[in-house]
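# Architecture and fold: a report
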Amino acid sequence: MAPNPELISSAAAAQDDDNFEKRDYLPPDVDDDEEYTLPEQRKIIHKVDRRLLVLLGLMQAVSFIDRANVSNAAVAGMTAELQLGVSNRYSIILLVFFAPFVAFQFPASILVRKIGPRLFLSGIVLSWGIVMIGFGFIHHWTSLIPLRAVLGAFESGAVPAQYYLISSWYSRYDLYVRTSIFYLIGVLGSAMTGVLGLGFSKMSGLSDISGWRWIFIMEGVITCCIGIAGFIFMVDFPEKAHRAWGFLTEREGAFIVRRINRDRQDAEPEAFSLGKFLRPALDLKVWGFALLFYCTTIQNYAVGFFLPVILHQKLGFSDSAAQGLSTPPYLTAMVLMFLEGYISDKIRLRFPMLYFNAAITITGLCVLVWAPTPGAQYFGAILATAGPSANLPSIMVFQANNIRGTWKRAFSSASLIACGGIGGITGSLVFRSQDAPQYLPGIYCCLTANGVILLATTSLVIYFTLRNRAAARGDIIIENLPGFRYAI
């Protein structure tokens with residue numbers, strides 16, 4: 001699809017006119033479309049919401065379930081049967097997931113453009129579902145190591161490809177609430193991990209298979225079903241949207257492209273070159289966002305892997321109660337991230353959400369460790385889970401709002417999620433079995449990570465504010481687009 005000539009010519013004329021003052025240029029209103037009224041536009045966007053966000057959210061949900069269900073299997077008998085409590089075996093099987101998960105992020109963000117989301121995303125979801133079923137048939141703890149590594153390789157492509165696709169469909173101030181909905185459905189997977197684990201573990205003895213094995217088998221079957229659904233319903237990038245079965249017409253797809261171009265002029269794909277893909281590595285703000293994501297995922301993975309264990313060992317709940325009580329913290333996170341997304345898009349500010357989430361996480365960690373009663377400690381666990389979970393879409397949108405360009409968006413998505421994977425490595429290492437039940441080194445690490453989030457967010461806000469003022473004076477052009485301003 002050809003670029004919108006009116007938008008390109010107006011921006012080019014603005015740059016070339018000697019009498020033009022950059023501070024007087026305003027980008028077009030994203031809602032000002034030549035073909036569709038505002039109610040008609042919202043109807044088309046909601047059609048995209050229903051198809052794109054629900055399917056990607058379900059894929060994210062099974063991703064969360066399948067990477068964290070090892071903790072539920074651990075309390076359902078896997079630790080005893082495979083002797084995972086010996087030395088640091090449990091931490092090892094958590095850790096091996098992340099090396100391939102980090103390594104394949106960047107190729108994945110390229111392949112989703114080359115192959116297309118339908119084949120790429122559906123293929124990897126189906127593949128890791130099959131691997132997950134294999135977990136249910138191992139007989140020695142060392143067999144978990146290659147299986148977790150293969151799982152990490154397949155799952156590595158999911159989040160960067162999903163978020164790259166979502167951020168390509170929406171204008172900047174439509175994005176947060178959509179990302180929150182996508183992640184909310186994903187976090188529902190984390191919320192259901194405990195319930196599903198408890199339910200499937202009750203199948204113990206069926207066909208002479210242990211309960212913890214049924215957790216892996218049945219959750220793998222669910223993942224395979226979601227992968228197959230993706231082959232049928234997954235949509236492509238906006239310029240090819242009309243090709244998807246039962247989705248947008250060609251005119252509706254053209255509207256989405258026009259809307260994105262009015263917002264940031266990067267709807268059409270650029271020709272790939274390795275230099276163009278790697279050039280964003282020189283932009284320090286890309287790594288500032290990655291640092292925020294790293295510090296957040298340390299806590300997300302630590303909570304995901306160790307929450308049922310902490311509830312069982314530290315707070316004294318039974319195995320069944322520990323699995324069931326791991327669900328409410330994630331339900332709280334779902335409500336929080338949706339409310340933050342709605343409010344943030346309305347007020348068009350991003351940084352207050354990052355501050356708030358870091359603050360409640362610090363509070364929750366302190367209450368979890370030092371409160372005198374199990375009830376208060378459980379409240380702390382809810383806050384310590386909800387804060388970093390809600391911060392993930394906050395950081396993803398903060399980044400997506402402040403970059404533009406096809407391959408810069410691809411590289412930035414990959415770098416963000418790759419650093420998130422490194423955060424998973426850190427989370428696996430700092431919560432050690434020998435530190436149970438207090439896990440103080442891990443708690444101190446999470447508290448430090450939240451301090452870094454506060455400092456890094458403040459630094460980015462100051463930098464963006466100064467650059468926006470310079471652009472308003474006409475001294476600079478941000479992201480090579482007249483009228484573009486950083487979202488703060």
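Let me sum up the structure you'll find in this document. (Residues numbered from 1 in each chain as written. Predicted model: local features only at pLDDT ≥ 70, side-chain atom pairs only at ≥ 80, totals over all residues. Heavy atoms only, no water.)

### With respect to the pattern of salt bridges
Condition: One side-chain nitrogen of Lys or Arg within 4 Å of one carboxyl oxygen of Asp or Glu is enough to make a salt bridge. A run of DSSP states H or I qualifies as a helix once it reaches four residues; a run of E qualifies as a strand once it reaches two. Both are numbered from the N-terminal end. Whether a residue is buried, partly exposed or exposed follows from its accessible area with a 1.4 Å probe, protein chains only, as a fraction of its type maximum: under 20%, in between, or over 50%, in that order.
As enumerated under the stated definition, the model contains 25 salt bridges in all. Among the salt bridges present, the one from arginine 213 reaches glutamate 81, with a minimum N-O distance of 2.9 Å. In this pair, arginine 213 is assigned in helix H10 (residues 211-233) and glutamate 81 in helix H2 (residues 38-82), connecting sequence segments 132 residues apart. Exposure remark for arginine 213: the relative accessible area of 6% places this residue in the buried category.

### Some details on helix H18 (residues 406-430)
For clarity, the threshold we go by: Here, expected helix span is obtained from the residue count minus one, scaled by 1.5 Å.
Between its first and last C-alpha atoms H18 spans 37 Å; for 25 residues at 1.5 Å apiece the expected length is 36 Å, and the two agree. The element H18 is largely enclosed, with a buried count of 22 among its 25 residues.

### Things to note about the packing of helix H6 (residues 117-135) against helix H8 (residues 158-169)
Counted only if it meets this: For helices, the fitted axis covers only the stretch in contact; all axes are lines through C-alpha atoms, and the angles between them, taken along N-to-C directions, range from 0 to 180 degrees. When describing relative orientation, an angle under 35 degrees is termed roughly parallel and one over 145 degrees roughly antiparallel, while 65 to 115 degrees is termed roughly perpendicular and anything else oblique. Crossing handedness is read from the near helix: turned anticlockwise from the far helix by less than a right angle, it gives a left-handed crossing, and turned clockwise, a right-handed one. Working rule for contacts: check all heavy atoms of both residues, and any pair within 4.5 Å makes them a contact. Lys, Arg, Asp and Glu make up the charged group, whereas Ala, Val, Leu, Ile, Met, Phe, Trp, Tyr, Cys and Pro make up the nonpolar group; the residues left over, Gly among them, are polar.
Two numbers describe how H6 lies on H8: the axes approach to 11 Å, and their chain directions differ by 150°. By the angle between their directions, the pair H6 and H8 is classed as roughly antiparallel. In the packing of H6 onto H8, the handedness of the crossing is left-handed. Residue-level contacts link Pro117, Phe120, Leu121, Ile124 and Trp128 of H6 to Ala158, Ala161, Gln162 and Leu165 of H8. Its residues placed into classes, the contact of H6 with H8 shows 8 nonpolar, 1 polar and no charged.

### Structural notes on the side chain of aspartate 266
This is how it is decided: A 3.5 Å cut-off defines polar contacts: any pair of N or O atoms within that distance qualifies, except that in protein one atom must be a possible hydrogen donor and the other a possible acceptor, and neighbouring residues in sequence count only when both atoms are side-chain atoms.
With respect to the helices and strands, the residue aspartate 266 is situated in the loop between helix H11 (250-264) and helix H12 (274-278). A polar atom in the side chain of aspartate 266 sits 2.7 Å from the side chain of arginine 264. A distance of 2.9 Å separates the side chain of aspartate 266 from the backbone nitrogen of glycine 405, its partner in a polar contact. If we ignore the near neighbours within four places in the chain, the residues touching aspartate 266 are Ile260, Asn261, Arg404, Gly405, Thr406 and Arg409.

### Overview of the state of the cysteines
Note: disulfide means a covalent bond formed between the sulfur atoms of two cysteine side chains. This is how the line gets drawn: What counts as a disulfide here is a pair of cysteine sulfur atoms lying within 2.5 Å.
Here the structure, examined in full by the defined rule, presents 0 disulfides. No disulfide involves cysteine 445; its nearest neighbouring cysteine sulfur is the one of cysteine 446, lying 5.6 Å away. Relative accessible area serves as the criterion here: at 2%, cysteine 446 is assigned to the buried category.

### Some words on the nonpolar core
Where we set the bar: Here, the term nonpolar core denotes a set of buried Ala, Val, Leu, Ile, Met, Phe, Trp, Tyr and Cys residues that are joined through side-chain atoms within 4.5 Å.
Membership of the largest hydrophobic core comes to 135 residues, with the highest contact counts inside it found for Leu52, Leu56, Met78, Trp169, Tyr170 and Phe431. In terms of residues, this core owes the most to one element, H2, which gives 16 residues. With near-sequence residues (within four places) excluded, tryptophan 169 lies in contact with Val48, Leu52, Val235, Asp236, Phe237, Pro238, Ala241, Phe247, Leu248, Ile256 and Ile260.

### Concerning empty space enclosed by the protein
Note the following rule: Site definitions follow a grid-based scheme: protein atoms alone, a 1 Å grid, a 1.4 Å probe that fits but cannot get out for cavities, and for pockets an open set with protein on both sides within 12 Å along at least five of seven lines, plus lining residues having an atom within 4 Å of a point. Grid points are joined across faces, edges and corners, and a volume is the space filled by probe spheres set on the points.
Under the definition given, this model contains 6 cavities of 30 Å³ or more. As a volume, the second largest cavity reaches approximately 110 Å³. Around the second largest cavity, the lining is made up of 15 residues, and of these Val303, Ile310, Leu365, Leu368 and Ala384 lie nearest the centre. Here the lining of the second largest cavity takes 6 residues from helix H13 (residues 284-313), the largest share from any one element.

### A closer look at H2
Note the cut-off: What the bend at a residue measures is the angle between two axes, fitted to the seven residues ending there and to the seven starting there.
Approximately 80° is the largest bend angle found in H2, and it occurs at alanine 74. In the segment just after H2, glutamine 83 is the residue with positive phi, at about 55°.

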